[in-house]
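The residues making up each chain are set out below.
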Amino acid sequence: MARFTRVFGVPKLRVDFVRGLRFRLTLSYVFFFTVLLVVIGLIFRKNIQSEMDGDVRTALEEEWGAAKAYLRIENQRPFWFADPSDPEEAYIVTRLEHVYLVTDANGEVLDLSETYASIGIDSRVEVARILRLPQPEVHTRWAKDGVPYLIKAGSVPDDKGRPYFFAIGRSLEASHQTVQRLTENYFILSSGMIALSCFLGWVLAGRAIRPVDSVAQTAQNITGSNLSLQIPLRGAGDELDHLIDSFNRMTARLNLSFEQIRRFSTDVSHELRTPLTAIRGQLEVALFTAETPEQYRDAIVNALEDVQQLSSIVRALLLLSQAESGQLVLQKTPLDLAKVATDIVDQFQIPAEEKGIQLSATIEAGALISGDRTQMERLISNLLSNAIKYTPDSGAVDVRVGLDDSPGWARIVVRDTGVGIPAENLPHIFDRFYRVRNAQTNLAQGLGLGLSFVAWIVEAHGGRIDVSSTVDEGTRFTVLLPLRSPTLESAEPEHSATVQPLA
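Since this is a predicted model, take the numbers as computed values, not measurements. Per chain, residues are indexed from 1 in the order of the written sequence. Only residues with pLDDT of at least 70 are given local features in this predicted model, and only at 80 or more are side-chain atom pairs given and counted; all residues enter the totals for whole chains, interfaces and linings. Computation of side-chain values covers all heavy atoms of the structure but excludes hydrogens and water.

J.: Break down the overall build of the chain for me, with residues and values.
T.: Here a strand is any run of E in DSSP of at least two residues, a helix any run of H or I of at least four, and the numbering for each starts at the N terminus. Broken down by element type, the chain carries 13 helices and 14 strands. Summary of the burial criterion: residues with accessible area below 20% of their type's maximum are buried, those above 50% are exposed, and those between are partly exposed, where the area comes from a 1.4 Å probe applied to protein chains only. Within the chain, buried positions represent 34% of all 503 residues. Expressed as a percentage of contacts within the chain between residues at least 6 apart in sequence, the contacts between residues at least 24 apart total 64%. What sets the accessible areas is the Shrake-Rupley method with a 1.4 Å probe; for residues, cover comes only from the shown protein chains. For the chain, the accessible area works out to roughly 30000 Å², and carbon and sulfur atoms hold 57% of it. Should any heavy atoms of two residues lie within 4.5 Å, those residues are counted as being in contact.

In structure tokens, the structure reads:
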């Protein structure tokens, strides 16, 4: 038995080696690095392929325009109208004749190139479909030898105005081969980098775990449900003490984060349940009481509005994360704050009336800014939602929009007679997930994200926000935004026509 143990001693050591923390850290590092390289390579390949295919598409568009200039169809006979003595025109026509097909409206072939014949002649059904399209169609097809071609097909008239089917193509083989070579070179280089990362990962992992062993016994007493425990410092002031201090700080942050997540999960459940209940109620009422298509349509429209609210809640976290990381780009256009505020105030009249709150607005014209309409609507909505949410029944909420006393600034003021915010909480109300916790505010559910979004929107538009509050008397939010610069009067409207809304 002893010999058996000695014989199998080496495999056992190998198992221990594989299970070691150093090996697993190295393996994790190499695996992550490998996945990262692969993902970057695939993204790089896709982008290069898209750019090169785009170049081919651009060249094809140019050839299509040239073909329509040189191609003539007379007496059902196509021919290229060009000056053979002009080398440039002769070269263009030669290039155009490489991949092309001309048929009549019935799909009878009038002329084609050998290359197009290898791709395959379009069927009568396909020809009829293309001729019915208002614009030419671009698609990819493969020849018998596997070479891809980008084909543009459409209608061209003859000398009598009758439509004929015309298709012209351009090979994608060169661009695909280039992308393939770049991909191969990239992954060959990546193999060497992965091998180097194995060595570096092993060295770094060894250094990383040295101080861990000395505190492992104490750390075993700390679990997910006991994150408040702290490892006592050794008092040596060395790297191990620094590690212990960092570990203690980490557990404190984790404990706070876990608590925030627990509160956040409860708030999210409530926020999602509210619009879902409204949607169900509206549809059930329509199902049992609606008698005309208009009533059903109204119910569906109302349900869709609640669906939009639901989707806004779900997107809030992602949008705020993108905003804070600089990924959310503002789509600025000339914006009249008076119109935006009027629309939002109208939307909040019903929820205000349901709580018996008097919602009033004083809106002055002339507050024209350069801003993102979606974000401006979100800013005013968040402030109004908070004001109504934290204002008791029979209270009042007042909205004022207009020009500020300071030249060059527009002003938005939202004032309520709500529960107010204690002075010690005011510096933190714009923090993410932060909510004032007391007997009055605990009755109102929320994610603690609305004011974080408000602060980001104001900052992104170059403005500033101020809040003043008195407990049991009310709160006043004042937002100042820079007015639209006169120098943008002629430039910005042209740009706004191409702005795409956020998804």
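On we go.
J.: I'd love a proper account of the sheet that holds strand β9 (residues 358-363), names of residues and values included.
T.: Strand pairing follows a simple DSSP-based rule, namely that at least 2 bridges must link the two strands. Taken in spatial order, the five strands of this open sheet run β9-β11-β12-β14-β13, and their pairing is mixed. At either end of the open sheet lies a strand with only one pairing partner, and these are β9 and β13 (464-470). The mean angle between the axes of side-by-side strands here comes to 10°, regardless of whether they run parallel or antiparallel. Across the sheet, helix α11 (residues 373-389) touches β9, β11 (396-403), β12 (409-416) and β14 (474-482), and the angle it forms with β12 is around 20°. Lines are fitted to the C-alpha atoms to define the axes, a helix being fitted only along its stretch in contact, and any angle between axes, read from their N-to-C directions, falls within 0 to 180 degrees.

J.: Give a detailed account of the pairing of strand β7 (residues 163-171), specifying residues and quantitative values.
T.: As paired elements, strand β3 (residues 100-103) and β7 share four bridges and run antiparallel to each other. Bridge pairing in β7 places L101 opposite A167. Direction of pairing for strand β6 (residues 148-157) relative to β7: antiparallel, over a ladder of nine bridges. Along β7, the bridge assignment pairs K152 with I168. Hairpin connection of β6 to β7: five residues between the antiparallel strands, including G161 at a positive phi of 85°.

J.: Give a description of the pattern of salt bridges that names residues and reports values.
T.: When a carboxyl oxygen of Asp or Glu lies within 4 Å of a side-chain nitrogen of Lys or Arg, that pair is called a salt bridge. In this structure the tally under the stated criterion is 15 salt bridges. In this structure, R129 and E137 form a salt bridge, with 2.7 Å as the shortest nitrogen-oxygen distance. According to the relative accessible area criterion, E137 is partly exposed, its value standing at 21%. The residue D398 makes a salt bridge to R400 at a minimum N-O spacing of 2.9 Å. For R400, a relative accessible area of 38% translates into the label partly exposed. Here the salt bridges share partners, and the residues they tie into one network are E63, R95 and R170.

J.: I'd like a rundown of the nonpolar core, residues and numbers included.
T.: One finds L337, M376, L379, L384 and I412 to be the most contacted residues of the largest nonpolar core, which totals 39 residues. Breaking this core down by element, the ones donating at least two residues are α10 (337-354), α11, β11, β12, α12 (450-460) and β14. In this structure, L384 is in contact with I344, V345, F348, L359, V397, V399 and V414, ignoring residues within four places of it in sequence. Note on terminology: a nonpolar core comprises buried Ala, Val, Leu, Ile, Met, Phe, Trp, Tyr and Cys residues joined through side-chain atoms within 4.5 Å. Grouped together as the second largest cluster of nonpolar side chains are 19 residues, L60, L71, V102 and F166 included.

J.: Explain the sheet that holds β7 to me, using residue names and the numbers behind them.
T.: Taking strand neighbours across the sheet as the criterion, the five strands line up as β4-β3-β7-β6-β5 in an open arrangement whose pairing is antiparallel. The sheet is open, and its two edges are formed by β4 (109-112) and β5 (137-142), each paired on a single side. Each adjacent strand pair in this sheet contributes to an overall mean axis angle of 20°, direction not counted. Pairing of β3 with β4 involves three bridges; the strand directions are antiparallel. From the neighbouring strand, T103 faces β4, where its bridge partner is V109.

J.: Any chance you could break down the environment of S50 for me, citing the residues and the numbers?
T.: With respect to the helices and strands, the residue S50 is situated in helix α3 (residues 21-70). By relative accessible area, which is 47% here, S50 ends up partly exposed. Here the alpha-carbon distance between S50 and S175, two residues 125 residues apart in the chain, equals 9.8 Å.

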